[in-house]
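The primary structure of each chain is shown beneath.
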Amino acid sequence: MRSDPFGGQSQQRGRRPGLFGNIRWWVLLAFAGYAAYYWVSNRSVDPYTGESVLIDSSLDASQEKALGLQAYQEILAQERPLDPNAQISQDVRAIAEQLIRKVDVVETALAEEHGLKPAHFSRDFEWEVNVIQSDQANAFCLPGGKMAVYTGLVPVARTRDAMAVVMGHEIAHALLRHGAQRMAQQKMTQIGQMAGAASGMDASQQQMVMSALGYGYLLPYARSHETQADEVGLMLAAAACFDPREAVPLWERMGQASGGQAPPEFSSTHPNPGTRIQNLQALMPKAMEYRQRFCETAGGG
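Only a predicted model underlies this, so the values are computations on that prediction, with no experimental measurement involved.

What counts and what doesn't
Residue numbering note: each chain is counted from 1, following its sequence as written. Whole-chain, interface and lining totals are the exception, using all residues; otherwise, since this is a predicted model, local features are given only for residues with pLDDT of at least 70 and side-chain atom pairs are given and counted only at 80 or more. As a rule here, side-chain values cover all heavy atoms of the structure and leave hydrogens and water aside. The numbering of helices and of strands both runs from the N terminus, where a helix is a DSSP run of H or I of at least 4 residues and a strand a run of E of at least 2. Relative accessibility under 20% of the residue-type maximum defines a buried residue, over 50% an exposed one, and the middle range a partly exposed one, all with a 1.4 Å probe and only protein chains included. In this analysis, two residues are considered to be in contact whenever any of their non-hydrogen atoms come within 4.5 Å of each other. Using a 1.4 Å probe, accessible areas were evaluated by the Shrake-Rupley method; residue-level cover was limited to the displayed protein chains. Throughout, a disulfide means two cysteine sulfur atoms within 2.5 Å of one another. Paired strands, in this sense, are two strands between which DSSP finds at least two bridges. Axis definition: a line fitted to C-alpha atoms, over the contacting stretch in the case of helices. Angles run 0 to 180 degrees between N-to-C directions. For every residue, the predictor assigns a confidence score, pLDDT, that lies between 0 and 100. Salt bridges are counted wherever a side-chain nitrogen of Lys or Arg sits within 4 Å of a carboxyl oxygen of Asp or Glu. Two N or O atoms form a polar contact when they lie within 3.5 Å of each other; inside protein one atom must be a possible hydrogen donor and the other a possible acceptor, and for residues adjacent in sequence the pair counts only when both atoms belong to side chains. Any two rings among Phe, Tyr and Trp, with Trp reduced to its six-membered ring, count as a pair given centres within 6.5 Å; such a pair is stacked if its planes are under 30 degrees apart, edge-to-face if over 60, and tilted if neither. Orientation labels follow simple angle bins: below 35 degrees gives roughly parallel, above 145 gives roughly antiparallel, 65 to 115 gives roughly perpendicular, and whatever is left gives oblique. Polar here means any residue outside two lists: the nonpolar Ala, Val, Leu, Ile, Met, Phe, Trp, Tyr, Cys and Pro, and the charged Asp, Glu, Lys and Arg; Gly therefore counts as polar. How far a helix is expected to stretch is found by multiplying one less than its residue total by 1.5 Å. Note that the arc is computed from the directions linking the helix axis to the C-beta atoms.

Time to look at the overall build of the protein chain. For the protein chain, the count of helices and strands is 10 helices and 5 strands. In the protein chain, buried positions account for 42% of the 301 residues. Restricting to contacts in the protein chain with at least 6 residues of sequence separation, those with at least 24 account for 69%. Total accessible area on the protein chain stands at roughly 15700 Å², and carbon and sulfur atoms take up 53% of it.

Here the focus is the state of the cysteines. Per the counting criterion, the structure on display carries 1 disulfide. At a sulfur-sulfur separation of 2.2 Å, the disulfide partner of C241 is C295. Because the torsion about its S-S bond is 115 degrees, the bridge between C241 and C295 counts as right-handed. Remark: C295 occurs in the segment after α10 (273–294) and C241 occurs in the loop between α8 (203–239) and α9 (247–257); sequence separation between them is 54 residues. Taking the relative accessible area as the measure of exposure, C295 reaches 0% and is therefore buried.

It is worth spelling out the sheet that holds strand β3 (residues 128–132) at this point. Across the sheet, which stays open at both edges, the 3 strands sit in the order β3-β5-β4 with mixed pairing between neighbours. For this open sheet the edge positions go to β3 and β4 (139–142), each flanked by a neighbour on one side alone. Averaged over all adjacent pairs, the angle separating strand axes in this sheet is 15 degrees, with direction ignored. Across 4 bridges, the pairing between β4 and strand β5 (residues 146–150) is antiparallel. Bridge pairing in β5 places C141 opposite M147.

So, on to the confidence of the model for the protein chain. Regions with low pLDDT carry predicted coordinates that are not meant to be interpreted in detail. Overall, the prediction assigns the protein chain a mean pLDDT of 84, with 78% of residues at 70 or greater. This stretch, residues 1–15, has a pLDDT under 50; its non-local contacts, to residues over four places away or in other chains, come to 15 contacts.

Overall, the coordinates contain 12 salt bridges when judged by the stated rule. Salt-bridge contacts for E128 lead to K146; the nearest nitrogen and oxygen are separated by 3.4 Å. One end of the pair, E128, is in strand β3; the other, K146, is in strand β5, with 18 residues separating them in the sequence. Here E128 falls in the partly exposed class, since its relative accessible area comes to 33%. A salt bridge links R245 to D243, with the nearest nitrogen and oxygen atoms 2.9 Å apart. The exposure class of R245 is partly exposed, given its relative accessible area of 49%. Taken together, the shared-partner salt bridges in this structure form one network comprising E113, E231 and K286.

A separate point is the side chain of T49. Along the chain, T49 falls in the loop between β1 (43–45) and β2 (52–54). Relative accessible area serves as the criterion here: at 16%, T49 is assigned to the buried category. Only 3.2 Å separates the side chain of T49 from the backbone nitrogen of E51, close enough to count as a polar contact.

In this structure the tally under the stated criterion is 5 aromatic pairs. Ring centres 6.3 Å apart and planes at 80 degrees place the aromatic pair Y72 and F140 in the edge-to-face group. Of this pair, Y72 sits in helix α2 (residues 61–78) while F140 sits in strand β4, and the two are 68 residues apart along the sequence. Take Y72 and F140: they sit in the same class, and that class is buried. Pairing F121 with F125 gives two aromatic rings, centres 5.9 Å apart and planes at 85 degrees, and the pair type is edge-to-face.

Turning to the packing of helix α6 (residues 160–175) against α9, a few remarks are in order. At a closest axis distance of 9 Å, the pairing of α6 and α9 adopts a crossing angle of 80 degrees. When the axes of α6 and α9 are compared, the pair comes out roughly perpendicular. Residues A162, V165 and V166 of α6 form the contact with α9, whose own contacting residues are A247, L250, R253 and M254. For the contact of α6 with α9, the residue count by class is 6 nonpolar, no polar and 1 charged.

This part takes up α2. For α2, which comprises 18 residues, the first-to-last C-alpha distance of 26 Å matches the rise-based estimate of 26 Å (1.5 Å per residue) to within 8%. Among the residues of α2, those classed as buried are E64, G68, Y72 and L76. When α2 is viewed along its axis, its buried side chains cluster within an angular range of 95 degrees and face the same direction. The exposed set on the far side of α2, more than 90 degrees from its buried face, consists of A77 and Q78.

For the rest of this paragraph, the subject is unusual backbone geometry. Positive phi, normally seen in glycine, also occurs at H120, with a value near 50 degrees. Since its relative accessible area comes to 17%, H120 is described here as buried. At R158, a residue that is not glycine, the phi angle is positive and equals roughly 75 degrees. Locating R158 in the fold gives a position in the loop between α5 (154–157) and α6. Classification of R158 as exposed rests on a relative accessible area of 64%.

This is the structure in structure tokens:
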């Protein structure tokens with residue numbers, strides 16, 4: 001038998017196996033069955049969106065909070081926060097407190113829209129917010145309510161309302177348990193990787209499959225998280241008496257700050273600024289309704 005240039009040996013009569021000719025399909029089927037079982041047995045309905053989501057049922061609230069706290073401590077050990085008595089620290093903390101006070105009413109209102117009961121998962125959060133000196137125009141909120149705002153965001157946000165939109169967006173990621181969803185997604189990806197290795201796929205075949213999975217599932221999944229956080233965060237900012245209309249000029253400035261260097265949307269974890277702005281404009285009537293309903297100074301209850 002002749003040597004195969006792809007590392008194996010050719011079949012009789014000089015025929016080489018096809019692209020997937022050496023794969024043990026029964027192994028793939030076994031892993032697919034396990035993946036399907038994991039997918040079905042770990043589904044739950046999110047009260048904020050009304051959508052069925054994948055969250056590992058073995059991950060409880062205390063574990064999620066512990067993971068968030070560990071990550072937060074590691075970040076603060078590397079990037080020292082500003083003095084909590086600094087004016088910017090006080091301002092950011094005041095915005096966070098105003099947003100957090102409206103979490104329950106916004107969750108209840110969104111859940112009712114989907115005919116669901118609120119889970120109030122965040123009632124056990126131990127909220128904390130720090131400001132970190134950095135040129136990054138960024139912020140984050142980890143599971144359990146651990147938050148940080150980078151000083152580079154301040155000149156881009158410009159106003160308290162725009163800062164509240166960004167912080168509401170980050171809080172929404174924690175409320176929607178996007179971190180837990182990504183962990184479950186990573187487990188599904190690992191199952192796929194193990195299936196590829198055990199079935200006899202070579203490195204190039206595995207890379208091709210994972211690339212297709214990334215563009216076809218992982219990246220759209222990440223973009224959907226951003227869109228969900230935009231909506232919930234906008235409702236939260238509006239309910240907390242901030243002006244949600246500041247979201248549009250904010251994202252225009254964000255686009256300008258990036259210098260147009262963002263990758264094409266299909267290859268990014270985030271929607272491009274144009275798509276984001278269109279979505280936010282479509283949500284604006286609902287956001288203004290939330291402001292009227294839940295902001296006491298705007299005439300709400």
